[in-house]
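Coordinate inspection notes
The chain contents come next:
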Amino acid sequence: MLKTIKTFTRNLIIGANVATVIMMLLVGYSGRLNPESFPILSNACLTFPIFLVINVFFLFFWLLFYPKGALVSLLGIIISYVPVRTYCPLNLKSEKPVGCIKVMTYNVDGSMKKETDAQGRVTYPALEYIGASGADVVCVQEAYMTREKAASLRHIYQYADTARNEHGGSCLTLFSKFPIINKEHIRLGNSLNTSAAFYLKIKNDTVIVVNNHLESNNLSLKDRENFEKMAEGSQDRELAGKESKLLIEKLAEASKIRAPQAGKVATYIRHHSHYPIIVCGDFNDNPLSYVHHTIAEGLTDCFVATGNWPGWTFNHNRIRVRIDHILCSKDIVPYQCRVDSKINVSDHHPVSCWLKIGLKSQKINN
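Only a predicted model underlies this, so the values are computations on that prediction, with no experimental measurement involved. (Residues numbered from 1 in each chain as written. Predicted model: local features only at pLDDT ≥ 70, side-chain atom pairs only at ≥ 80, totals over all residues. Heavy atoms only, no water.)

A word on unusual backbone geometry
So the rule is basically this: Every helix listed is a DSSP run of H or I at least four residues long, and every strand listed is a run of E at least two residues long, numbered separately from the N terminus. Buried residues are those whose accessible area, probed at 1.4 Å on protein chains only, stays under 20% of the maximum for their type, while exposed residues exceed 50% and partly exposed ones sit between those limits.
Positive phi, close to 50°, is recorded for Glu142, a residue that is not glycine. Relative to the helices and strands, Glu142 is located in the loop between strand S4 (137-141) and helix H6 (147-151). A relative accessible area of 17% places Glu142 in the buried class. Even without being a glycine, Asn284 presents a positive backbone phi close to 55°. Counting through the fold element by element, Asn284 comes out in the loop between strand S10 (277-282) and helix H9 (290-296).

This is the structure we're talking about:
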């Protein structure tokens, strides 16, 4: 009788593990669905870490109590290898070769605010961080620049330029130690968001750096606070249900807007693939999303290739996601991509990476 109960319980747990594996696989690839047609289903990839953690829990459980059962969890990780590695890569650290440049992307959330130190000196913490970063090229989003602010970095970055949607909205800034020889706006439609391509002369190469700030999820401060309460379990069930529904609707609506924006950026990249290309910015979407998959097609995700762990670039009100990315064309090799979670000036963390640019040299014909 006891043996029968043990067998039944074990089979029940195996069944739960199999169900977890199936869900992990389905939500891991749900981001391939176009949000314009499947706005809610395409966002199911946001739940991927939940099923991944549950599967890892099962793995340790089996190893402790029934090692043969671990095959189920291991098989789940194998068949879901692509989303697992994309969401949580594990890479050995490799030394960067001579001749690399350092690129950084940073959404400062409009936080280039003036502060006065103990000596009465005016400072801008976000700009000071950028200046001390050692980056050669910095893509900044939501950077509302003034001459005074730009001048504070002129001794480090000889070249700087901005791009803003013709309707207003978010401002993009690019700081560079290399000459900026051209700039093109990538029109994203009737949106206050924008993308822009900056052409840099780096040694003998003309390199395109595409700086992006795509449609936000438009979660208000109250929405974020309610999400935090739900995550803590401190909200009553009825209200939590209503807030969850509202959150899903907002995410779905925003993803429907971002999808065509990603298509426009991807089209621009494809039409200029004869140049070395670096794509940076705040995609406002996770690495398993349709937006990321669309833009990254044919490119290398620098964090997936050389980073480690989930690398959350947005960590606020219990919302932890990697929505800021650095991508590069195949003739560029990335090294040591990392997220700096120690700087908290903005609600985003900066991402930096060392890049070895190939010998694909192009000239601009104007």
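Re helix H3 (residues 70-79)
Convention followed: To be clear, the arc concerns the directions from the helix axis to the C-beta atoms. Throughout, a contact is declared for two residues whenever any of their heavy atoms are within 4.5 Å.
All of the buried residues along H3 are Ala70, Ser73 and Gly76. Taken around the axis of H3, the buried residues stretch over an arc of 125°, which confines them to a single face. Facing away from the buried side of H3 by more than 90 degrees, the exposed set consists of Leu71 and Ile78. Where the residues of H3 are buried, they touch helix H1 (2-29) and helix H2 (48-65).

What to know about the pairing of strand S16 (residues 351-357)
Along any regular strand, the residues point their side chains to alternate faces of the sheet. Convention followed: Two strands are counted as paired when DSSP detects at least two bridges linking them.
Judged by how many residues are buried, S16 sits mostly within the fold: five of seven residues are covered. Relative to S16, strand S1 (residues 101-107) runs antiparallel, the two being bridged by five bridges. Each bridged residue has a counterpart across the sheet, and for Lys102 the counterpart in S16 is Trp354. Strand direction decides the pairing type here: strand S15 (residues 332-339) and S16, joined by six bridges, are antiparallel. When the bridges of S16 are listed, Val333 appears paired with Lys356.

Digging into the pattern of salt bridges
Stated formally: Salt bridges are counted wherever a side-chain nitrogen of Lys or Arg sits within 4 Å of a carboxyl oxygen of Asp or Glu.
Counting across every chain of the model gives three salt bridges. Residue Asp161 is joined to Lys183 by a salt bridge in which the shortest nitrogen-to-oxygen separation is 3.3 Å. Highlighted residues: Asp161 in strand S5 (residues 159-165) and Lys183 in strand S7 (residues 180-186), separated in sequence by 22 residues.

Examining the sheet that holds strand S14 (residues 324-328)
As summarised here, the arrangement of the six strands in space is S7-S8-S9-S10-S14-S11, forming an open sheet in which the pairing is mixed. Among the strands making up the open sheet, the edge pair consists of S7 and strand S11 (300-301). With six bridges connecting them, S7 and strand S8 (residues 194-202) associate as antiparallel partners. Within S8, the position partnered with His185 by the bridge is Ala196.

Things to note about the state of the cysteines
A covalent bond between the sulfur atoms of two cysteines is referred to as a disulfide. Selection criterion: Note on terminology: disulfide denotes any pair of cysteine sulfur atoms within 2.5 Å.
One pass over the full model with this rule turns up zero disulfides. Here Cys100 is not disulfide-linked; the sulfur of Cys353 is the nearest cysteine sulfur, at 8.7 Å.

Examining a nonpolar patch on the surface
Worth spelling out the cut-off: Without a salt bridge and with relative accessible area above 30%, a residue can belong to a patch; like charges are then joined within 9 Å and nonpolar side chains (Val, Leu, Ile, Met, Phe, Trp, Tyr) within 5 Å. For accessible areas, the Shrake-Rupley method is used with a probe of radius 1.4 Å. Any residue's cover is judged against the shown protein chains and nothing else.
Where nonpolar side chains cluster on the molecular surface, the patch consists of Val18, Ile22, Met23 and Leu26 and spans about 330 Å² of accessible area. Along the chain, Val18 turns up in helix H1. By relative accessible area, which is 35% here, Val18 ends up partly exposed.

Focus: the packing of H2 against H3
In helix packing, the relevant descriptors are the interaxial angle and the interaxial distance, both defined with respect to the helix axes. The line we're drawing: Convention adopted: a line fitted to C-alpha atoms gives each axis, helices being fitted over their contacting stretch, and angles between N-to-C directions are expressed from 0 to 180 degrees. Any angle that is under 35 degrees is reported as roughly parallel, and any over 145 degrees as roughly antiparallel; angles of 65 to 115 degrees are reported as roughly perpendicular and all others as oblique. Left-handed is the label given to a crossing in which the near helix is rotated counterclockwise from the far helix by less than a right angle, and right-handed is the label when the rotation is clockwise.
One can describe the packing of H2 onto H3 by two numbers: an axis separation of 8 Å at closest approach and a directional angle of 150°. The angle between H2 and H3 falls in the class roughly antiparallel. Judged by the sense of rotation from one axis to the other, the crossing of H2 with H3 is left-handed. Two secondary-structure elements touch here, H2 through Asn55, Phe58, Leu59, Trp62 and Leu63 and H3 through Ala70, Ser73, Leu74 and Ile77.

Let's talk about the nonpolar core
The condition is simple: We define the nonpolar core as a collection of buried residues of types Ala, Val, Leu, Ile, Met, Phe, Trp, Tyr and Cys that are connected through side-chain atoms lying within 4.5 Å of one another.
Counting 27 residues, the largest nonpolar core has Ile278 and Leu355 as the members making the most contacts within it. With near-sequence residues (within four places) excluded, Leu355 lies in contact with Cys100, Ile101, Val103, Ile278, Cys302, Cys328, Ile332, Val333 and Pro334. Ile186, Ala262, Val265 and Leu299 belong to the second largest nonpolar core, which has 20 residues in total.

Remarks on the pairing of S10
Of all six residues that make up S10, six are buried, and the element is covered over most of its length. Both faces of S10 are covered, namely the face carrying Ile277, Val279 and Gly281 and the face carrying Ile278, Cys280 and Asp282. Pairing of S10 with S14, which is carried by five bridges, proceeds in the antiparallel orientation. By the bridge assignment for S14, Asp282 is matched with Asp324.

Here we look at the confidence of the model for the chain
Here is the rule: Residue-level confidence of the predictor is what pLDDT reports, using numbers from 0 through 100.
Averaged over every residue, the pLDDT of the chain is 88; residues scoring 70 or more account for 87%. Scored below 50 in pLDDT, residues 361-366 shows 14 contacts in the model against residues more than four places distant or in partner chains.

Some remarks on the packing of aromatic side chains
We apply this condition: When two rings of Phe, Tyr or Trp (its six-membered ring) have centres within 6.5 Å they constitute a pair, described as stacked for plane angles under 30 degrees, edge-to-face for angles over 60, and tilted for the intermediate range.
Tallied over the entire structure, the rule returns eight aromatic pairs. Consider the rings of Trp62 and Tyr66, whose centres lie 6.2 Å apart with planes at 65°: the pair is edge-to-face. On the numbers, 5.8 Å between centres and 70° between planes, the contact of Tyr106 with Tyr129 is edge-to-face. Residue Tyr106 is found in strand S1, and its partner Tyr129 is found in helix H5 (residues 125-132); the two are separated by 23 residues along the sequence.

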